[in-house]
Amino acid sequence: MTAHTRRSRIAILGTGGTIAGTRTGTDGDAYRPASLGIDEIIAAVPELDHIADITSEQVLQIDSANIEDHEMLALARRTSQLLAADDIDAVVITHGTDALEETAYLLHLGLKTTKPVVFVGSMRPADALSADGPRNLVHAVTVAASAQAIGMGVLAVMNDEVHTARDVTKAHSINVATLRSPHGPLGHIVNGAPVFYRAPARSHTYLTPFDIDTLDQLPKVDIVFAHANMTTAVIDALVSTGTEAIIHAGMGNGSVAARMIPTLTAARTAGVHIVRCSRIPNGSIIRNAAVPDDTHDWLVADDQNPQKARLLTALALTRTQQTRELQDIFWTY
Ligand SMILES: NC(=O)CC[C@H](N)C(=O)O
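Nothing here was measured: the structure is a model prediction, and the numbers come from that model.

> Please explain the environment of Thr 263 as it appears in this structure.
As for its placement among the helices and strands, Thr 263 is situated in helix α6 (residues 261-269). Between the alpha carbons of Thr 263 and Asp 98 there is a distance of 32 Å; along the sequence they are 165 residues apart. If we ignore the near neighbours within four places in the chain, the residues touching Thr 263 are Thr 232, Ile 235 and Asp 236.

As structure tokens, then:
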């Protein structure tokens, strides 16, 4: 264990979510997210003072279900500025859990830093019986202050687990054990200290070509969800509104219904990239298996879920339009 010569200096950025929520009645679990400011959340957890020197900033105050690309990018740019300062060692971001995996992944792909960045949320509002927010926040700050988190990319901490932003996804609508990574968490919080068992294998943050400091909008990329009786109308609508890529969340190994092929082929001819992924939360897509991707000039999203595939595609399109290079990006990050 590294001996610390001084306390970590950590900026906690508030963005809303349930961790900033308060109950709307005395019975049941109804509540309003994004009602408490970040300073109120921090003031309720005096244990934070024992871990690090804390500064705070309210960057957004939203239900994360409402988040838009420009807001994620503004948060990314502010995080980047703070991390560039010598007097900040790490950033913790409180965030609604609905879109946490998306914002965290965007920062994981684009921040040029080795300093720890840790996302944290909660499933119960701040004034609930057995609220999980305070414990999760203490754990997030503990991880952010840890030398073991340096160079690990963006992390997400909830329910005593540490996840990589690349893999983490929300997997339960109401349970506190909602964050899940298909390949498992990187580590746990045990007896108040982080214990890591492995590191992300894929390149991230300072090792990617994506520069989110210079972006205030992302290329328009949309998702369509495959189902029995799916029709082509949604594809035509997206193409007519100027989408640059369509993420097709197919059944199984990214299957595409035969009736969809002519419309998707026409979209590709019009310049729209087609990215096959799966509506199933586990497993990767095999190129040229269910569909002849080489013939169609389509992409496959490796093991990325549709919402993560959207962000990687959008960032990739800021670098290249070449199918082969875009596909390499999916195999790399
Ligand atoms: N548990 C949560 O944080 C979900 C609350 C809210 N919908 C949000 O994502 O901001």
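> Would you take a moment to explain the site of the ligand for this structure?
Taken together, the residues surrounding the ligand are Gly 17, Thr 18, Tyr 31, Asp 63, Ser 64, Gly 96, Thr 97, Asp 98, Ser 122, Met 123 and Lys 170. One of the side-chain N or O atoms of Thr 18 is found 2.9 Å from an oxygen atom in the ligand. The contact in question runs from a nitrogen atom of the ligand to an N or O atom on the side chain of Asp 63, over 2.8 Å. Burial of the ligand by the surrounding chains reaches 93%, relative to a free accessible area of 290 Å².

> Help me understand the packing of helix α8 (residues 306-317) against helix α9 (residues 323-332) in this model?
Two elements in contact, α8 and α9, have axes whose closest approach is 10 Å; the angle formed by their N-to-C orientations is 130°. Considered as vectors, α8 and α9 are oriented oblique to each other. Judged by the twist between their axes, the crossing of α8 over α9 is right-handed. Here Ala 309, Leu 312, Thr 313, Ala 316 and Leu 317 of α8 come into contact with α9, specifically with Leu 326, Ile 329 and Phe 330. Its residues assigned to classes, the contact of α8 with α9 shows 7 nonpolar, 1 polar and no charged.

> Please clarify how the nonpolar core should be interpreted in this entry.
One broad trend across soluble globular proteins is that nonpolar side chains are buried collectively. Val 91, Ile 93, Phe 119, Val 154, Leu 218, Leu 312 and Leu 315 are the most contacted members of the largest nonpolar core, which totals 55 residues. By residue number, the principal contributor to this core is α8, which donates 7 residues. Each of domain 1 (9-207) and domain 2 (220-332) contributes no fewer than three residues to this core. Other than its neighbours up to four places away in sequence, Leu 312 contacts Tyr 105, Leu 109, Phe 210, Ile 329, Phe 330 and Tyr 333. Counting residues in hydrophobic clusters, the runner-up holds 30 residues, among them Ala 20, Val 118, Met 152 and Ile 189.

> What is the right way to look at the pairing of strand β13 (residues 221-225) in this model?
The side chains of a regular strand alternate between both faces of the sheet. Where β13 and strand β14 (residues 245-250) come together, 5 bridges link them in parallel fashion. Across the sheet, the residue bridging to Val 221 is Ala 245, located in β14. Read from β13 through helix α5 (residues 233-240) to β14, the crossover connection turns out right-handed.

> Which parts of the structure should I look at to understand the UniProt feature "active site" (unreviewed entry) in the protein chain?
Within the UniProt annotation, "active site" (unreviewed entry) is assigned to Thr 18. As for its placement among the helices and strands, Thr 18 is situated in the loop between β1 (8-16) and β2 (22-23). For Thr 18, a relative accessible area of 7% corresponds to the buried category. Not counting residues up to four positions away in its chain, the partners in contact with Thr 18 are Tyr 31, Pro 33, Gly 96, Ser 122, Met 123, Arg 124, Pro 125 and Ala 126.

> Can you help me understand the packing of helix α2 (residues 69-84) against helix α3 (residues 100-110) in this one?
Each pair of packed helices gets described by two things: the angle between the helix axes and the distance between those axes. At their nearest, the axes of α2 and α3 sit 10 Å apart, and the two run at 45° to each other. Here α2 lies oblique to α3, going by the angle between them. Crossing handedness for the pair α2 and α3: right-handed. For the pair α2 and α3, the contacting residues are Met 72, Leu 73, Leu 75, Ala 76 and Thr 79 in the first and Glu 102, Thr 103, Leu 106 and Leu 107 in the second.

What counts and what doesn't
Each chain carries its own residue numbering, running from 1 in the written order of its sequence. In view of the model being predicted, local features appear only for residues whose pLDDT reaches at least 70, and side-chain atom pairs are presented and counted only at 80 or more, with totals across whole chains, interfaces and linings using the full set of residues. Side-chain figures throughout are based on the complete set of non-hydrogen atoms in the structure, without hydrogens or water. Numbered from the N terminus, helices here are DSSP runs of H or I no shorter than four residues, and strands are runs of E no shorter than two. Contacts are residue-level and defined by heavy atoms, with any inter-residue pair within 4.5 Å sufficient. A single heavy atom is enough: if one lies within 4 Å of a molecule or strand, its residue is considered near that molecule or strand. Counted as a polar contact is a pair of N or O atoms within 3.5 Å, where, for protein atoms, one must be capable of donating a hydrogen and the other of accepting one, and residues adjacent in sequence contribute only when both atoms are in side chains. Here the Shrake-Rupley method, with its probe set to 1.4 Å, supplies the accessible areas, and only the displayed protein chains count as covering residues. Here an axis means a line fitted to C-alpha atoms, over the contact stretch when the element is a helix, while the angle between two N-to-C directions is reported on a 0 to 180 degree scale. Orientation labels follow simple angle bins: below 35 degrees gives roughly parallel, above 145 gives roughly antiparallel, 65 to 115 gives roughly perpendicular, and whatever is left gives oblique. Take the far helix as the reference: if the near one is turned anticlockwise from it by less than a right angle, the crossing is left-handed, and if turned clockwise, right-handed. Gly falls in the polar group here, along with every residue not listed as nonpolar (Ala, Val, Leu, Ile, Met, Phe, Trp, Tyr, Cys, Pro) or charged (Asp, Glu, Lys, Arg). Nine residue types can take part in a nonpolar core, namely buried Ala, Val, Leu, Ile, Met, Phe, Trp, Tyr and Cys, and a core is a set of them joined through side-chain atoms within 4.5 Å. Remark: exposure states derive from per-residue accessible area (1.4 Å probe, protein chains only) relative to the maximum for the residue type, with buried under 20%, exposed over 50%, and partly exposed in between. Residue ranges labeled as domains rest on an automatic or database domain assignment. Strand pairing is assigned whenever DSSP detects at least two bridges linking the two strands. By convention, a crossover is right-handed whenever its connection, traced from the first strand over the helix to the second and viewed with the strands pointing away, goes clockwise. UniProt positions are given in the numbering used here, feature names are shortened, and annotations may be inferred rather than shown by experiment.

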